[in-house]
Amino acid sequence: MHPDGLSLFDRHGNDRGFVEPKFAGGRPVLEDLWIMQGSICDLRCRHCYTASSPSSNRLEQITSAELRPHLEAAATFGVQKICFTGGEVFVNEDVLQGRAERNDEFLSSLRLALEIAPVEILTNGRRYIRNHFDALRDLQGRFPGRLTLRITLESPVEAEHDAIRGRTTFGQTVETVRELCSIGFVPVITAERPLLHEHTSEAIRQSYVALFPAMKIEVNLIENMLEMGHQLVTMTAKGQRPTPEVFITTKCFDILNRAPESLMCHFSRCIQKIDGRLRYYPCPVIYDDERFDLGGTLEASFRRVYVAHKNCYDYCMKGGGASCRTHLI
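In what follows, the accompanying structure is described. All chains use their own residue numbering, which begins from 1 and follows the written sequence. Where local features are concerned, this predicted model is filtered to residues with pLDDT of at least 70; where side-chain atom pairs are given and counted, the filter is 80 or more; whole-chain, interface and lining totals use all residues. Note that the side-chain values use all heavy atoms of the structure and ignore hydrogens as well as water.

## Examining the sheet that holds strand β7 (residues 147-152)
Here, a strand pair is defined by DSSP locating no fewer than two bridges between the strands. Going along the chain from the N terminus, every DSSP run of H or I of four or more residues is numbered as a helix, and every run of E of two or more is numbered as a strand. If you trace the 8 strands from one edge of the open sheet to the other, you get β9-β8-β7-β6-β5-β4-β10-β11, paired in mixed fashion. Each edge of the sheet is formed by a strand with only one pairing partner; in this case those strands are β9 (218-222) and β11 (277-281). Each strand axis lies, on average, 25° off the axis of its neighbour in the sheet, ignoring direction. One ladder, built from 3 bridges, connects strand β5 (residues 81-85) with strand β6 (residues 119-123); its direction is parallel. Bridge pairing in β6 links I82 to V119. Helix axes use the C-alpha atoms of the stretch in contact, all axes being lines fitted to C-alpha atoms, and the angles between their N-to-C directions lie in the range 0 to 180 degrees.

Written out as C-alpha coordinates, the structure reads:
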(Lines give C-alpha, C1' and ligand atoms only; values in the text may rest on other atoms or scores of the structure.)
Protein backbone atom coordinates (compact mmCIF):
# COMPACT_ATOMS: atom_id res chain seq x y z
CA MET A 1 0.00 0.00 0.00
CA HIS A 2 1.05 3.55 -0.73
CA PRO A 3 1.62 5.66 2.39
CA ASP A 4 -1.48 7.66 1.40
CA GLY A 5 -3.59 4.52 1.36
CA LEU A 6 -3.49 3.86 -2.39
CA SER A 7 -3.04 0.37 -3.79
CA LEU A 8 -0.13 0.36 -6.24
CA PHE A 9 -1.07 -2.85 -8.09
CA ASP A 10 -4.24 -4.12 -9.71
CA ARG A 11 -5.49 -7.70 -9.20
CA HIS A 12 -3.29 -8.87 -12.06
CA GLY A 13 -0.15 -7.36 -10.55
CA ASN A 14 0.09 -4.45 -13.00
CA ASP A 15 1.72 -1.29 -11.66
CA ARG A 16 -0.50 1.71 -11.06
CA GLY A 17 0.25 4.64 -13.35
CA PHE A 18 1.94 7.72 -11.96
CA VAL A 19 3.10 11.19 -12.94
CA GLU A 20 6.33 12.80 -11.82
CA PRO A 21 6.60 16.55 -11.18
CA LYS A 22 8.23 18.67 -13.84
CA PHE A 23 11.93 19.40 -13.33
CA ALA A 24 14.39 21.56 -15.22
CA GLY A 25 18.06 21.80 -14.35
CA GLY A 26 17.48 19.57 -11.33
CA ARG A 27 14.87 21.95 -9.89
CA PRO A 28 11.05 21.65 -9.77
CA VAL A 29 9.19 23.84 -12.23
CA LEU A 30 5.65 25.10 -11.65
CA GLU A 31 3.63 26.24 -14.65
CA ASP A 32 0.12 26.64 -13.19
CA LEU A 33 -0.94 27.41 -9.64
CA TRP A 34 -4.65 26.88 -8.94
CA ILE A 35 -6.31 28.45 -5.92
CA MET A 36 -9.68 27.09 -4.83
CA GLN A 37 -10.94 30.22 -3.14
CA GLY A 38 -13.70 28.33 -1.35
CA SER A 39 -16.82 26.29 -2.06
CA ILE A 40 -19.31 29.00 -1.13
CA CYS A 41 -21.33 30.12 -4.16
CA ASP A 42 -24.48 32.10 -4.93
CA LEU A 43 -25.71 29.21 -7.12
CA ARG A 44 -26.32 25.50 -6.66
CA CYS A 45 -25.70 24.15 -10.16
CA ARG A 46 -27.02 20.68 -10.90
CA HIS A 47 -23.65 19.34 -12.02
CA CYS A 48 -21.24 21.19 -9.68
CA TYR A 49 -18.51 18.71 -8.79
CA THR A 50 -17.50 20.61 -5.63
CA ALA A 51 -21.15 20.67 -4.42
CA SER A 52 -20.84 24.43 -4.04
CA SER A 53 -23.82 26.40 -2.72
CA PRO A 54 -24.61 29.46 -0.56
CA SER A 55 -24.17 27.27 2.54
CA SER A 56 -21.14 25.19 1.53
CA ASN A 57 -17.95 25.95 3.44
CA ARG A 58 -16.20 22.59 3.17
CA LEU A 59 -13.53 24.31 1.09
CA GLU A 60 -12.95 27.41 3.18
CA GLN A 61 -12.28 30.98 2.12
CA ILE A 62 -8.57 31.79 1.78
CA THR A 63 -7.41 35.18 3.06
CA SER A 64 -4.81 37.26 1.27
CA ALA A 65 -2.53 37.10 4.31
CA GLU A 66 -2.66 33.30 4.23
CA LEU A 67 -2.09 33.20 0.49
CA ARG A 68 0.81 35.66 0.25
CA PRO A 69 3.66 33.27 1.26
CA HIS A 70 2.35 30.63 -1.15
CA LEU A 71 2.28 33.11 -4.02
CA GLU A 72 5.82 34.15 -3.16
CA ALA A 73 6.88 30.50 -3.15
CA ALA A 74 5.22 30.00 -6.54
CA ALA A 75 7.25 32.90 -7.90
CA THR A 76 10.50 31.21 -6.85
CA PHE A 77 9.51 28.14 -8.88
CA GLY A 78 8.74 30.16 -11.99
CA VAL A 79 4.93 30.02 -11.98
CA GLN A 80 3.55 31.06 -15.38
CA LYS A 81 -0.16 31.40 -14.58
CA ILE A 82 -2.28 31.70 -11.45
CA CYS A 83 -5.93 30.60 -11.61
CA PHE A 84 -8.65 31.36 -9.07
CA THR A 85 -11.71 29.14 -8.90
CA GLY A 86 -14.36 28.15 -6.38
CA GLY A 87 -17.23 28.14 -5.59
CA GLU A 88 -17.71 31.67 -6.82
CA VAL A 89 -14.69 33.87 -6.14
CA PHE A 90 -16.60 37.15 -6.11
CA VAL A 91 -18.79 36.18 -3.16
CA ASN A 92 -18.20 35.33 0.47
CA GLU A 93 -20.61 35.12 3.40
CA ASP A 94 -20.58 38.89 3.91
CA VAL A 95 -21.48 39.49 0.26
CA LEU A 96 -24.22 36.86 0.27
CA GLN A 97 -25.70 38.20 3.51
CA GLY A 98 -25.68 41.78 2.22
CA ARG A 99 -23.10 42.97 4.75
CA ALA A 100 -20.62 43.91 2.02
CA GLU A 101 -20.87 44.82 -1.66
CA ARG A 102 -17.51 43.36 -2.67
CA ASN A 103 -15.28 40.46 -1.75
CA ASP A 104 -12.38 42.72 -0.84
CA GLU A 105 -10.32 39.85 0.57
CA PHE A 106 -10.35 38.19 -2.85
CA LEU A 107 -9.48 41.47 -4.57
CA SER A 108 -6.47 41.78 -2.27
CA SER A 109 -5.34 38.26 -3.23
CA LEU A 110 -5.89 39.08 -6.88
CA ARG A 111 -3.63 42.12 -6.69
CA LEU A 112 -0.89 40.05 -5.06
CA ALA A 113 -1.18 37.37 -7.74
CA LEU A 114 -1.04 39.84 -10.63
CA GLU A 115 2.27 41.14 -9.32
CA ILE A 116 3.67 37.64 -9.89
CA ALA A 117 2.10 36.17 -13.04
CA PRO A 118 -0.86 36.40 -15.45
CA VAL A 119 -4.11 35.49 -13.72
CA GLU A 120 -7.25 33.72 -14.88
CA ILE A 121 -10.49 33.92 -12.89
CA LEU A 122 -13.23 31.31 -13.24
CA THR A 123 -16.64 32.82 -12.48
CA ASN A 124 -20.33 32.27 -13.09
CA GLY A 125 -20.60 35.87 -14.28
CA ARG A 126 -23.77 36.49 -12.32
CA ARG A 127 -24.73 39.80 -10.75
CA TYR A 128 -22.21 39.79 -7.88
CA ILE A 129 -19.25 40.33 -10.17
CA ARG A 130 -20.67 43.71 -11.23
CA ASN A 131 -19.83 45.37 -7.92
CA HIS A 132 -16.21 44.49 -8.74
CA PHE A 133 -16.10 46.10 -12.20
CA ASP A 134 -14.33 49.26 -11.03
CA ALA A 135 -11.63 47.21 -9.31
CA LEU A 136 -11.25 44.91 -12.32
CA ARG A 137 -10.97 47.87 -14.68
CA ASP A 138 -8.29 49.38 -12.44
CA LEU A 139 -6.33 46.12 -12.34
CA GLN A 140 -6.63 45.77 -16.10
CA GLY A 141 -5.04 49.20 -16.44
CA ARG A 142 -2.27 48.45 -13.97
CA PHE A 143 -1.51 44.99 -15.41
CA PRO A 144 -2.41 45.18 -19.11
CA GLY A 145 -2.91 41.79 -20.73
CA ARG A 146 -2.43 39.85 -17.49
CA LEU A 147 -6.04 39.36 -16.34
CA THR A 148 -8.49 36.97 -18.00
CA LEU A 149 -12.09 36.28 -16.97
CA ARG A 150 -13.42 32.83 -17.81
CA ILE A 151 -17.22 32.85 -17.57
CA THR A 152 -19.44 29.78 -17.66
CA LEU A 153 -22.43 29.88 -20.00
CA GLU A 154 -23.77 26.34 -20.13
CA SER A 155 -25.62 26.80 -23.43
CA PRO A 156 -26.30 29.53 -25.98
CA VAL A 157 -29.99 28.68 -25.41
CA GLU A 158 -31.48 30.43 -22.38
CA ALA A 159 -33.80 27.61 -21.27
CA GLU A 160 -30.99 25.05 -21.39
CA HIS A 161 -28.59 27.19 -19.36
CA ASP A 162 -31.23 28.11 -16.78
CA ALA A 163 -32.24 24.45 -16.37
CA ILE A 164 -28.74 23.82 -15.01
CA ARG A 165 -27.95 27.07 -13.19
CA GLY A 166 -31.34 28.46 -12.22
CA ARG A 167 -33.96 30.87 -13.57
CA THR A 168 -32.71 34.27 -14.84
CA THR A 169 -29.02 33.25 -14.63
CA PHE A 170 -28.65 33.19 -18.44
CA GLY A 171 -29.77 36.81 -18.82
CA GLN A 172 -27.55 37.96 -15.96
CA THR A 173 -24.48 36.21 -17.33
CA VAL A 174 -25.01 37.44 -20.89
CA GLU A 175 -25.35 41.01 -19.60
CA THR A 176 -22.14 40.62 -17.58
CA VAL A 177 -20.23 39.44 -20.66
CA ARG A 178 -21.49 42.43 -22.65
CA GLU A 179 -20.48 44.86 -19.91
CA LEU A 180 -17.03 43.30 -19.62
CA CYS A 181 -16.57 43.68 -23.37
CA SER A 182 -17.56 47.34 -23.09
CA ILE A 183 -14.79 48.02 -20.55
CA GLY A 184 -12.11 46.35 -22.62
CA PHE A 185 -12.00 42.71 -21.52
CA VAL A 186 -12.14 39.77 -23.93
CA PRO A 187 -14.19 37.27 -21.88
CA VAL A 188 -13.64 33.55 -22.34
CA ILE A 189 -16.98 31.75 -22.51
CA THR A 190 -16.76 28.24 -21.06
CA ALA A 191 -19.16 25.30 -21.37
CA GLU A 192 -19.15 21.52 -21.02
CA ARG A 193 -19.13 19.88 -24.44
CA PRO A 194 -21.24 16.87 -23.31
CA LEU A 195 -24.12 19.23 -22.45
CA LEU A 196 -24.20 20.97 -25.84
CA HIS A 197 -26.23 19.89 -28.88
CA GLU A 198 -23.90 21.22 -31.58
CA HIS A 199 -21.63 18.56 -33.05
CA THR A 200 -18.50 20.50 -34.03
CA SER A 201 -16.29 22.99 -32.25
CA GLU A 202 -16.88 25.56 -34.96
CA ALA A 203 -20.67 25.23 -34.67
CA ILE A 204 -20.41 25.67 -30.90
CA ARG A 205 -18.18 28.71 -31.28
CA GLN A 206 -20.50 30.36 -33.78
CA SER A 207 -23.55 29.78 -31.60
CA TYR A 208 -21.89 31.70 -28.77
CA VAL A 209 -20.43 34.41 -30.98
CA ALA A 210 -23.95 35.08 -32.29
CA LEU A 211 -25.01 36.08 -28.77
CA PHE A 212 -22.51 38.92 -28.74
CA PRO A 213 -22.59 40.66 -32.13
CA ALA A 214 -19.75 43.13 -32.78
CA MET A 215 -18.06 42.04 -29.53
CA LYS A 216 -14.86 40.09 -29.11
CA ILE A 217 -15.13 36.91 -27.06
CA GLU A 218 -13.31 33.60 -26.92
CA VAL A 219 -14.79 30.13 -26.36
CA ASN A 220 -13.37 27.31 -24.22
CA LEU A 221 -14.83 23.81 -23.86
CA ILE A 222 -14.60 21.31 -21.02
CA GLU A 223 -14.41 17.89 -22.65
CA ASN A 224 -15.47 15.54 -19.84
CA MET A 225 -17.95 15.75 -16.97
CA LEU A 226 -17.13 14.94 -13.36
CA GLU A 227 -19.25 12.45 -11.44
CA MET A 228 -18.98 14.16 -8.08
CA GLY A 229 -20.90 16.58 -5.90
CA HIS A 230 -24.30 17.74 -7.15
CA GLN A 231 -23.83 15.76 -10.36
CA LEU A 232 -24.27 12.54 -8.39
CA VAL A 233 -27.63 13.79 -7.11
CA THR A 234 -28.70 14.67 -10.65
CA MET A 235 -27.65 11.25 -11.94
CA THR A 236 -29.51 9.45 -9.15
CA ALA A 237 -32.67 11.40 -9.93
CA LYS A 238 -32.40 10.20 -13.53
CA GLY A 239 -31.85 6.58 -12.46
CA GLN A 240 -28.21 6.66 -13.61
CA ARG A 241 -25.23 5.18 -11.85
CA PRO A 242 -21.67 6.51 -11.88
CA THR A 243 -19.36 4.78 -14.31
CA PRO A 244 -17.07 2.20 -12.70
CA GLU A 245 -13.71 3.45 -11.52
CA VAL A 246 -10.88 2.61 -13.89
CA PHE A 247 -7.59 1.31 -12.50
CA ILE A 248 -4.99 3.17 -14.56
CA THR A 249 -1.81 1.15 -15.03
CA THR A 250 1.50 2.31 -16.43
CA LYS A 251 0.52 0.58 -19.69
CA CYS A 252 -2.64 2.69 -20.01
CA PHE A 253 -0.68 5.76 -21.02
CA ASP A 254 0.50 4.00 -24.18
CA ILE A 255 -2.87 2.36 -24.85
CA LEU A 256 -4.69 5.71 -24.57
CA ASN A 257 -1.89 7.66 -26.25
CA ARG A 258 -1.59 9.99 -23.26
CA ALA A 259 1.88 10.92 -22.06
CA PRO A 260 2.16 11.29 -18.28
CA GLU A 261 3.69 14.72 -18.91
CA SER A 262 0.43 15.87 -20.54
CA LEU A 263 -1.52 15.57 -17.27
CA MET A 264 -1.88 18.62 -15.06
CA CYS A 265 -0.27 16.95 -12.06
CA HIS A 266 3.02 17.09 -13.98
CA PHE A 267 3.15 20.87 -14.18
CA SER A 268 0.54 22.30 -11.80
CA ARG A 269 -0.51 22.34 -8.16
CA CYS A 270 -3.69 23.43 -6.39
CA ILE A 271 -4.13 25.13 -3.01
CA GLN A 272 -7.18 24.32 -0.90
CA LYS A 273 -8.16 25.35 2.61
CA ILE A 274 -9.61 22.47 4.60
CA ASP A 275 -10.21 22.46 8.37
CA GLY A 276 -8.35 25.72 8.73
CA ARG A 277 -5.19 24.59 6.91
CA LEU A 278 -3.90 25.39 3.43
CA ARG A 279 -3.01 22.17 1.65
CA TYR A 280 -1.62 21.30 -1.78
CA TYR A 281 -3.39 18.92 -4.14
CA PRO A 282 -2.34 17.70 -7.61
CA CYS A 283 -5.07 19.62 -9.46
CA PRO A 284 -8.45 21.35 -8.97
CA VAL A 285 -10.58 18.31 -9.92
CA ILE A 286 -9.39 16.45 -6.82
CA TYR A 287 -10.33 18.00 -3.51
CA ASP A 288 -10.82 17.22 0.16
CA ASP A 289 -9.40 13.69 -0.09
CA GLU A 290 -6.47 13.05 2.24
CA ARG A 291 -5.10 10.32 -0.02
CA PHE A 292 -4.09 13.07 -2.46
CA ASP A 293 -2.89 15.66 0.06
CA LEU A 294 0.63 16.63 -1.05
CA GLY A 295 1.53 18.66 2.03
CA GLY A 296 1.37 22.19 3.34
CA THR A 297 4.13 23.76 1.24
CA LEU A 298 4.68 24.03 -2.48
CA GLU A 299 8.16 22.55 -2.25
CA ALA A 300 6.86 19.49 -0.37
CA SER A 301 4.19 18.97 -3.03
CA PHE A 302 6.71 18.27 -5.79
CA ARG A 303 6.55 14.51 -5.56
CA ARG A 304 5.17 11.60 -7.53
CA VAL A 305 1.40 11.60 -8.02
CA TYR A 306 -0.36 8.28 -8.54
CA VAL A 307 -3.29 8.54 -10.97
CA ALA A 308 -5.64 6.84 -8.54
CA HIS A 309 -8.63 9.16 -8.29
CA LYS A 310 -11.77 8.40 -10.28
CA ASN A 311 -11.38 11.77 -12.01
CA CYS A 312 -7.93 10.82 -13.28
CA TYR A 313 -9.58 8.65 -15.89
CA ASP A 314 -13.05 10.20 -16.16
CA TYR A 315 -11.67 13.69 -16.70
CA CYS A 316 -8.04 13.61 -17.77
CA MET A 317 -7.66 10.42 -19.78
CA LYS A 318 -11.05 9.41 -21.18
CA GLY A 319 -11.55 10.09 -24.88
CA GLY A 320 -9.30 12.90 -26.00
CA GLY A 321 -8.70 13.85 -22.39
CA ALA A 322 -9.57 17.08 -20.65
CA SER A 323 -7.67 19.78 -18.83
CA CYS A 324 -8.60 22.61 -16.49
CA ARG A 325 -6.48 24.88 -18.65
CA THR A 326 -8.21 27.12 -21.16
CA HIS A 327 -8.07 25.74 -24.69
CA LEU A 328 -9.69 28.18 -27.10
CA ILE A 329 -11.71 26.86 -30.04
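## Structural notes on the side chain of N124
Among the secondary structure elements, N124 is positioned in the loop between β6 and α4 (133-142). Think of it in three bands: with a 1.4 Å probe and only protein chains considered, a residue is buried below 20% of the maximum accessible area for its type, exposed above 50%, and partly exposed in between. According to the relative accessible area criterion, N124 is buried, its value standing at 6%. Here a polar contact is recorded for every N or O atom pair within 3.5 Å, except that within protein the pair must consist of a potential hydrogen donor and a potential acceptor, and residues adjacent in sequence are included only if both atoms are side-chain atoms. Of the polar contacts made by the side chain of N124, one reaches the backbone nitrogen of R126; its length is 2.8 Å.

## Some thoughts on the nonpolar core
Nonpolar cores were defined as sets of buried Ala, Val, Leu, Ile, Met, Phe, Trp, Tyr and Cys residues, with membership established by side-chain atoms within 4.5 Å. One finds L33, I82, F84, L110 and Y208 to be the most contacted residues of the largest nonpolar core, which totals 91 residues. Looking at this core element by element, the count peaks at 6 residues for helix α3 (residues 104-114). The contact criterion used is simple: two residues touch if any of their non-hydrogen atoms lie within 4.5 Å. In this view, F84 contacts I35, Q37, L67, V89, F106, S109, L110, A113, V119, E120, I121 and L122; residues no more than four positions away in its chain are not counted.

## Re the pattern of salt bridges
A pair is scored as a salt bridge if a Lys or Arg side-chain nitrogen falls within 4 Å of a carboxyl oxygen belonging to Asp or Glu. Tallied over the full model, the rule gives 21 salt bridges. For R193, the salt bridge goes to E223, with nearest N and O atoms at 2.8 Å. Here E223 lies in the loop between β9 and α8 (230-237) and R193 lies in the loop between β8 (188-192) and α7 (201-209), a separation of 30 residues in the sequence. Within this structure, K22, E31, D32 and R325 form a network of salt bridges that share partners.

## Structural notes on the packing of α3 against α4
Running from N to C, α3 and α4 point in directions that differ by 10°, and their axes come no closer than 11 Å. In this view, α3 runs roughly parallel relative to α4, as classed from their interaxial angle. Judged by residue contacts, L107, L110, R111 and L114 of α3 engage A135, L136, L139 and R142 from α4. When residues are grouped by polarity, Ala, Val, Leu, Ile, Met, Phe, Trp, Tyr, Cys and Pro land in nonpolar, Asp, Glu, Lys and Arg in charged, and all others, Gly among them, in polar. Of the residues that constitute the contact of α3 with α4, the class distribution is 6 nonpolar, no polar and 2 charged. Orientation labels follow simple angle bins: below 35 degrees gives roughly parallel, above 145 gives roughly antiparallel, 65 to 115 gives roughly perpendicular, and whatever is left gives oblique.

## Comments concerning the packing of aromatic side chains
Ring pairs are drawn from Phe, Tyr and Trp, using the six-membered ring of Trp, whenever the two centres fall within 6.5 Å, and their geometry is named by plane angle: stacked under 30 degrees, edge-to-face over 60, tilted for the rest. Scanning all chains against the criterion turns up 5 aromatic pairs. Measuring from ring centre to ring centre gives 5.2 Å for F84 and F106, while their planes differ by 85°; the resulting arrangement is edge-to-face. In this pair, F84 is assigned in strand β5 and F106 in helix α3, connecting sequence segments 22 residues apart. Like F84, the residue F106 is buried in the burial classification. Considering the side-chain rings of F90 and F106, the 5.4 Å spacing of their centres and the 85° angle between planes classify their relative orientation as edge-to-face. Here F90, found in the loop between β5 and α2 (93-96), pairs with F106, found in helix α3; they are 16 residues apart in sequence, far enough to count as distant. Judged by its relative accessible area of 0%, F106 falls in the buried class.

## Description of the pairing of β9
Among the 5 residues that make up β9, 4 are buried, leaving the element largely enclosed by the rest of the structure. Pairing geometry for β8 and β9, over 5 bridges, is parallel. Following the sheet pairing, A191 is matched in β9 by L221. Viewed along the sheet, the connection from β8 through α7 into β9 turns out right-handed. With its strands directed away from the observer, a crossover is right-handed exactly when the path from the first strand over the helix to the second travels clockwise.

## Remarks on the pairing of β6
By the criterion of burial, β6 is predominantly enclosed, with 5 of the 5 residues buried. Burial along β6 is two-sided: the face carrying V119, I121 and T123 and the face carrying E120 and L122 are both buried. As paired strands, β6 and β7 are joined by 5 bridges and run parallel to one another. If you follow L122 over to β7, its bridge partner there is R150.

## Considerations on the environment of A237
By secondary structure assignment, the location of A237 is in helix α8. Separated by 68 residues in the primary sequence, A237 and T169 place their C-alpha atoms 23 Å from one another.

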